[in-house]
Each structure stands twice: as C-alpha cells, then as structure tokens.
Amino acid sequence: MELWMGGVLLVCMAAFLALRWDGQRRPRPMAVWMESVFLDNPFRRAVFPPSLVTRAWMPPPGARLGELGAGTGMVTAVLARAVGPTGHVWAIDRQRGAVARARRRMAGWPGCTVAVADARHLPWPDGQLDGVVTVAMLGEVPEPDRLTVLAECRRVLKPGGRVVLGEYGPDPHYLTPGALASLVNQAGFQVVHQHRGWWQHALVAVAEGSKGP
Ligand SMILES: C[S@@+](CC[C@H](N)C(=O)[O-])C[C@H]1O[C@@H](n2cnc3c(N)ncnc32)[C@H](O)[C@@H]1O
C-alpha cells in the first residue's frame, strides 16, 4: 500500500473513532443532513439494509405498527410494504426536517402517517399496536430516558405485541446486543429473538406476562 493511502485510512479511522466517542458521550439526534448523506444512500441500502427489522420480525399483513425515530423514512417504507393496504404505520421523529423527508417518501401510501413527536411521550393510546419498531434511535436518547421510551412502547402495545429494536455498527450511537437486551429486560420485556447480521443486529421482545397470539 502506498504511504498516502495508509495516511488516508488512518485519518478515516481516527475520524470514525472520534465520532463514536463523542456519540457515546453525548447522545443526541443525528443531524438531518447527516442522515440524508450517510444513511439514505445505496451503500447503506446494500450493506445495512432497512429490511433488517423485517428479517428479525415480519409483521403480519394488516398489522398496526408504530415506528420511533423514522428519520428520512427508509425503514418506514419497509414496514408499510410489510403490513400492506389493510395495515397502518404511524411513524414519528422529533426533528421536523426528518419528518418532512419521510412524508415526501411516503406520499401516496395511505396506510402511513408521519408526525413530529418525541419517543419519550408517544402520541398514541394504550394497548393499540401490534408492534413498535425503532432502528438506530435508542442510542440517541440520553441514557436515563431510554427506559422511559421502552415503558412508552409497553404502554401502547397490545397484549403480545412486539417491540423490535435494530442497530447498525457504524452509527456513533450504536448499542451492542448485550446493552439492548439488558435495557429491554429492565423495562419488563422478554427477548424472544435476536437477529445478528454483519455489524448490525435486531432484537425482538414481548412484554413479560402479556399473552401473545
Ligand atoms: C440515526 S437516525 C435513524 C433513522 C432511521 N431509523 C433509519 O434507520 O434510517 C435516528 C433518528 O431518531 C430520531 N430521534 C432521536 N431521538 C428521538 C426521540 N427522543 N424521539 C423521536 N425521534 C428521535 C432522530 O431525529 C433521527 O432522525
């Protein structure tokens, strides 16, 4: 390898490690322009596909789902396709810019509603949803509030409803499979499935004591 190539590689690795260190130290929403550049692109679609969540848990056609931290709506589109015309996906994000992009993507899908809301106070009634899905969001929530988000998920799920949490390795706010499992257990969920891919993973859990279908 040429010396300059080694130099470029080292700079990229240092930048990645600095971003990861900062992301873990100061959890916060990823800027919308960064989502558009780093997440909403063909590389992400090919290497870290948004279908990660439906590989972990395929919602039945007609299901009613909530999605937290929808970003530009890549995962939303996968979920809307899975539930079909008889189902519905309610997607939220706390950033207006992300919601505007997701709405543009999902225009023409009657079974999808995208709104500005905070995952710590879900705008949905108790016990109505078959599943709540979130990808690469929980790590952006300050640590003390992560259990609040999961308690909200529990509140809005029907008995036996699933919570599905996905993570991508390169995300600065990445949470390991162990960290996710420990959080959902503390929130009163039982892990029923863990899907592991190359540098990405998703966990499926059901509220303890709630009878599943
Ligand atoms: C890394 S992006 C992932 C977007 C999308 N899930 C995907 O995989 O393409 C995380 C998103 O979560 C949103 N987010 C972070 N904290 C949130 C909160 N407390 N409530 C709602 N959305 C939040 C951010 O605004 C951002 O759009």
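Residues numbered from 1 in each chain as written. Predicted model: local features only at pLDDT ≥ 70, side-chain atom pairs only at ≥ 80, totals over all residues. Heavy atoms only, no water.

(A) Focus on the state of the cysteines. One pass over the structure, following the stated rule, counts zero disulfides. Not part of a disulfide, Cys-112 finds its nearest cysteine sulfur in Cys-153, a span of 17 Å. When its relative accessible area of 13% is taken as the criterion, Cys-112 is described as buried. We classify Cys-153 as buried; its relative accessible area is 1%. (Disulfide = S-S within 2.5 Å. Buried < 20%, exposed > 50% of the residue type's maximum accessible area, 1.4 Å probe, protein only.)

(B) A look at the pairing of strand β5 (residues 157-168). Among the twelve residues of β5, nine are classified as buried, and the element is accordingly described as predominantly covered. The pairing of strand β4 (residues 129-135) with β5 spans six bridges and is classified as parallel. Directly across from Val-133, in β5, lies its bridge partner Val-164. Both β5 and strand β7 (residues 200-207) contribute to a ladder of seven bridges, which runs antiparallel. Residue pairing across strands places Val-163 opposite Ala-205, the latter belonging to β7. (Helix = DSSP H or I, 4+ residues; strand = E, 2+ residues; numbered from the N terminus. Pairing = 2+ DSSP bridges.)

(C) Molecular detail of the site of the ligand. Inspection of the region around the ligand gives 19 residues, with Glu-35, Gly-69, Asp-93, Gln-95 and Ala-119 positioned closest. One of the backbone N or O atoms of Gly-69 is found 2.8 Å from a nitrogen atom in the ligand. Here an oxygen atom of the ligand sits 2.7 Å away from a polar atom, N or O, in the side chain of Gln-95. With the chains in place, 99% of the 600 Å² that the ligand exposes on its own is no longer accessible. (Near = heavy atom within 4 Å. Polar contact = N/O pair within 3.5 Å; in protein donor to acceptor, adjacent residues only side chain to side chain. Areas by Shrake-Rupley, 256 points an atom, 1.4 Å probe, with all protein chains shown as cover.)

(D) Here's a closer look at the sheet that holds β5. Spatially, seven strands are ordered β3-β2-β1-β4-β5-β7-β6 in an open sheet, and the strand pairing comes out mixed. Edge strands, defined here as strands with exactly one partner in the open sheet, are β3 (112-116) and β6 (189-197). Each adjacent strand pair in this sheet contributes to an overall mean axis angle of 15°, direction not counted. Note: strand β1 (residues 64-68) against β4, four bridges, orientation parallel. Residue pairing for β4: Leu-68 is matched across the bridge by Thr-134. Across the face of the sheet, helix α8 (residues 177-186) comes into contact with β5, β6 and β7 while running at roughly 165° to β6. (Axes fitted to C-alpha atoms, helices over the stretch in contact; angles between N-to-C directions. Contact = heavy atoms within 4.5 Å.)

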